[in-house]
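Below are the chains, spelled out letter by letter.
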Amino acid sequence: SWISKINFAVFSSSRQHGMSNMVDLLGHGCKLFLDPTVSTWTFFKRIGVEIYSVHELDFSPIQARSASNNAKRIQAYFSETRLKRDLSTIFSMTLGHDIQLEEI
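Calculation criteria
- Residues numbered from 1 in each chain as written.
- Predicted model: local features only at pLDDT ≥ 70, side-chain atom pairs only at ≥ 80, totals over all residues.
- Heavy atoms only, no water.
- Axes fitted to C-alpha atoms, helices over the stretch in contact; angles between N-to-C directions.
- Helix = DSSP H or I, 4+ residues; strand = E, 2+ residues; numbered from the N terminus.
- Left-handed = near helix turned anticlockwise from the far one by under 90°.
- Contact = heavy atoms within 4.5 Å.
- Salt bridge = Lys/Arg side-chain N within 4 Å of Asp/Glu carboxyl O.
- Buried < 20%, exposed > 50% of the residue type's maximum accessible area, 1.4 Å probe, protein only.
- Pairing = 2+ DSSP bridges.

Caption draft 1: Structural context of the packing of helix α1 (residues 19–27) against helix α2 (residues 39–46). Look at α1 against α2: their axes get within 12 Å of each other, and the N-to-C directions meet at 35°. Of the two elements, α1 crosses α2, and the hand of that crossing is right-handed. Where α1 approaches α2, its residues Met19, Met22, Val23 and Leu26 are matched on the opposing element by Thr40, Phe43 and Phe44.

Caption draft 2: Representation of the pattern of salt bridges in the model. The final tally for this structure, using the stated rule, is three salt bridges. With a shortest N-O distance of 3.1 Å, Lys84 and Glu80 are connected by a salt bridge. In this pair, Lys84 and Glu80 both sit in helix α4 (residues 80–91), four residues apart, roughly one turn of the helix. Both residues of the pair, Lys84 and Glu80, count as exposed. Measuring nitrogen to oxygen at the nearest pair gives 3.6 Å for the salt bridge that ties Asp86 to Arg82. Residue Asp86 and its partner Arg82 are both found in helix α4; the two are separated by four residues, about one turn of the helix. Here the salt bridges share partners, and the residues they tie into one network are Arg82, Arg85 and Asp86.

Caption draft 3: Geometry of the side chain of Thr40. Mapped onto the elements of the fold, Thr40 is located in helix α2. When near neighbours in sequence (up to four residues on either side) are disregarded, Thr40 contacts Gln16, Met19, Met22 and Leu34.

Caption draft 4: Here's a closer look at the sheet that holds strand β3 (residues 52–53). The strand order across the open sheet formed by three strands is β1-β2-β3, and the pairing between neighbours is parallel. In the strand order of this sheet, the two ends are held by β1 (8–11) and β3, each with one partner. Inspection of the sheet shows strand β2 (residues 31–34) paired to β3 by two bridges, in the parallel sense. Within the sheet, the bridge partner assigned to Leu34 lies in β3 and is Ser53. With respect to the sheet, α1 is in contact with β1 and β2, its orientation differing from that of β1 by roughly 155°. Most of the contacts of α2 go to β2, to which it runs at about 135°, and overall it touches β2 and β3.

In structure tokens form, the structure reads like this:
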């Protein structure tokens, strides 16, 4: 319950750390600041989540519309339905047919 009380989170590392914490924070409407060079920046932008650069810290509250949109996108992407679909796809692949491995 304490995560829902956090308004801002700053992850200034240039490497990916705390992905599940970021997902949880975004899902609760937190304003998240990331280093734009880290891979999670690209991931969140790709799925339409509004995040902010650690190089431009602005601790004004996130707009309710942005927080709500972020929460919806996070919930849709990390849903049980999507997990089941993705796992089904993975486990139905045939090695050497659906998955091409690089020859050594």
